[in-house]
Amino acid sequence: MWYRSWFDSPYYHLLYQHRDVQEAKQFIDVLTDFLLSEGHVKIGDSWLDTACGTGRHAIYLAQKGFQVTGIDLSPNNIEQAIKQSRNLSNIQFFVQDIRQLLPTVFEVVSNLFTSFGYFDNDEENVQVVKNWVKQSNNIIILDYFNSEYVMQTLIPHEKVVKKSITFYITRRIEDNTVIKTITFADQGRNYLFEERVKLYSSKTLIHFFQQAGASILAQWGDYQAHSQGKRCILIAKKIKN
């Protein structure tokens, strides 16, 4: 699958090296302030961050006092996350597919910065949501893009230059999926990578959570907790029998 090779490639990290750590911290501040003030969590609670990348959200959560576990499919991502968190005793990282369950239940499970909808089969994506709810004892958080905004603002062609490498990016929507093709050349070799993310509406995502046994506590449109915006951020609570 596309995500196995692309996310573990050094070119992925080169292309996306601009991703904003400060924005991630500001979002975590807003998110944890909401959860703490509403009494949904307390400092010291266990927190699983799925598809954590190099750990920019997970590490800050640990710095704020949560007991954090981060999982990602990319060994390269996990290696970087471990290096960046060596001074923290309350965080651990593992290479793991988000379709697989850990043997531990966490107070909070999160999936941040559009790390969902990677599978062509809807049933697999639904199973991922069910896994989050199974893995959580309390709160589940999904930070996904606003599909309507994506459809309205899609940039079909783009050229990005990073460290003398020119990335040519094309985007299209096909079969309810955003398909991004990335081509470039380096040291006499041509490369082609692809990203594929399903376009799920907020209504559909909420239905996924309800199917999995969770109710929605809040829905935000951006990282400042406004109701409308470029994002679809769902904060859900597990329905306990």
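Please refer to the structure placed before this passage.
Read on for an overview of the structure. (Residues numbered from 1 in each chain as written. Predicted model: local features only at pLDDT ≥ 70, side-chain atom pairs only at ≥ 80, totals over all residues. Heavy atoms only, no water.)

1. Details of the pattern of salt bridges
Phase 1 of the analysis: Considering all chains together, one arrives at 13 salt bridges under this definition.
Phase 2 of the analysis: Put simply, Glu 194 and Arg 196 hold a salt bridge, and the shortest N to O gap is 3.3 Å.
Phase 3 of the analysis: Note on Glu 194: relative accessible area 24%, which makes it partly exposed.
Phase 4 of the analysis: Shared partners join several salt bridges into a network, and the residues in it are Arg 4, Asp 97, Arg 99 and Glu 124. (Salt bridge = Lys/Arg side-chain N within 4 Å of Asp/Glu carboxyl O. Buried < 20%, exposed > 50% of the residue type's maximum accessible area, 1.4 Å probe, protein only.)

2. Details of the pairing of strand E4 (residues 106-111)
Phase 1 of the analysis: Most of E4 is tucked away, with five of its six residues classed as buried.
Phase 2 of the analysis: Sheet analysis places strand E1 (residues 46-50) next to E4, joined by four bridges and oriented parallel. Its bridge partner being in E4, Leu 48 is matched across the sheet by Val 109.
Phase 3 of the analysis: After leaving E4, the chain enters helix H6 (residues 122-135) and then returns to the sheet as strand E5 (residues 136-145), a path that is right-handed. (Helix = DSSP H or I, 4+ residues; strand = E, 2+ residues; numbered from the N terminus. Pairing = 2+ DSSP bridges. Right-handed = clockwise from strand over helix to strand, strands pointing away.)

3. Focus: the environment of His 57
Phase 1 of the analysis: With respect to the helices and strands, His 57 occurs in helix H4 (residues 56-63).
Phase 2 of the analysis: For the pair His 57 and Glu 158, spaced 101 residues apart in sequence, the C-alpha separation works out to 28 Å.
Phase 3 of the analysis: Those residues in contact with His 57 that sit more than four places away from it in its chain are Ala 24, Ile 28, Asp 49, Leu 112 and Phe 113. (Contact = heavy atoms within 4.5 Å.)

4. Observations concerning the environment of Ile 235
Phase 1 of the analysis: With respect to the helices, strands and loops of the structure, Ile 235 is situated in strand E11 (residues 231-238).
Phase 2 of the analysis: Owing to a relative accessible area of 0%, Ile 235 belongs among the buried residues under this scheme.

5. As for the packing of H6 against helix H8 (residues 202-212)
Phase 1 of the analysis: Running from amino to carboxyl end, H6 crosses H8 at an angle of 50°, the nearest separation of the two axes being 9 Å. Compared by their axis directions, H6 and H8 come out oblique. At the point where H6 passes H8, the crossing takes the right-handed sense. Only Phe 208, Phe 209, Gln 211 and Ala 212 of H8 make contact with H6, whose side of the interface consists of Val 126, Val 129, Lys 130, Trp 132 and Val 133.
Phase 2 of the analysis: Of the residues in the contact of H6 with H8, the class split is seven nonpolar, one polar and one charged. (Axes fitted to C-alpha atoms, helices over the stretch in contact; angles between N-to-C directions. Parallel < 35°, antiparallel > 145°, perpendicular 65-115°, else oblique. Left-handed = near helix turned anticlockwise from the far one by under 90°. Nonpolar A, V, L, I, M, F, W, Y, C, P; charged D, E, K, R; others polar.)

6. Let's talk about the sheet that holds strand E7 (residues 165-174)
Phase 1 of the analysis: With antiparallel pairing, four strands are arranged side by side in an open sheet as E6-E7-E8-E9. A single partner strand is all that each edge strand has here, and the edge strands are strand E6 (157-162) and strand E9 (189-198). On average, each strand axis in the sheet is tilted by 20° relative to the strand beside it, whichever way the strands run.
Phase 2 of the analysis: Sheet analysis places E7 next to strand E8 (residues 177-186), joined by seven bridges and oriented antiparallel. Paired with Thr 170 across the strands is Thr 181, a residue of E8.

7. Quick look at the environment of Val 133
Phase 1 of the analysis: Looking at the element boundaries, Val 133 is found in helix H6.
Phase 2 of the analysis: For Val 133, the contacting residues outside a window of four places in its chain are Ile 140, Ala 212, Gly 213, Ala 214 and Lys 238.

8. Some words on the sheet that holds E11
Phase 1 of the analysis: On the basis of which strands lie adjacent, the open sheet formed by seven strands has the order E3-E2-E1-E4-E5-E11-E10 and mixed pairing. The sheet terminates laterally at strand E3 (91-95) and strand E10 (214-220), the two strands that pair on one side only. The mean inter-strand angle of the sheet, taken between neighbouring strand axes irrespective of direction, is 20°.
Phase 2 of the analysis: Two strands pair when backbone bridges link them, and E5 and E11 are joined in this way by seven bridges, in the antiparallel orientation. Across the sheet, the residue bridging to Phe 145 is Arg 231, located in E11.
Phase 3 of the analysis: Each of E1, strand E2 (67-72) and E3 is contacted by H4, which is oriented at about 155° to E3, the strand it contacts most.
Phase 4 of the analysis: Sitting on the sheet, H8 is in contact with E5, E10 and E11, with an inclination near 150° to E10.

9. Comments concerning H4
Phase 1 of the analysis: Burial analysis of H4 places seven of its eight residues in the buried class, the great majority of the element.
Phase 2 of the analysis: Each element contacted by the buried residues of H4 is listed here: helix H3 (21-37), E1, E2, helix H5 (75-84) and E3.
Phase 3 of the analysis: Following H4 by one or two positions, Gly 65 has its phi on the positive side, about 110°.

10. Thoughts on the packing of H3 against H4
Phase 1 of the analysis: Two numbers describe how H3 lies on H4: the axes approach to 9 Å, and their chain directions differ by 50°. Here H3 lies oblique to H4, going by the angle between them. The handedness of the crossing between H3 and H4 comes out as right-handed. Here Val 21, Ala 24, Lys 25, Ile 28, Asp 29 and Thr 32 of H3 come into contact with H4, specifically with Arg 56, His 57, Tyr 60 and Leu 61.
Phase 2 of the analysis: Looking at side-chain class alone, the contact of H3 with H4 contains five nonpolar, two polar and three charged residues.

Shape descriptors only; they carry no functional weight alone.
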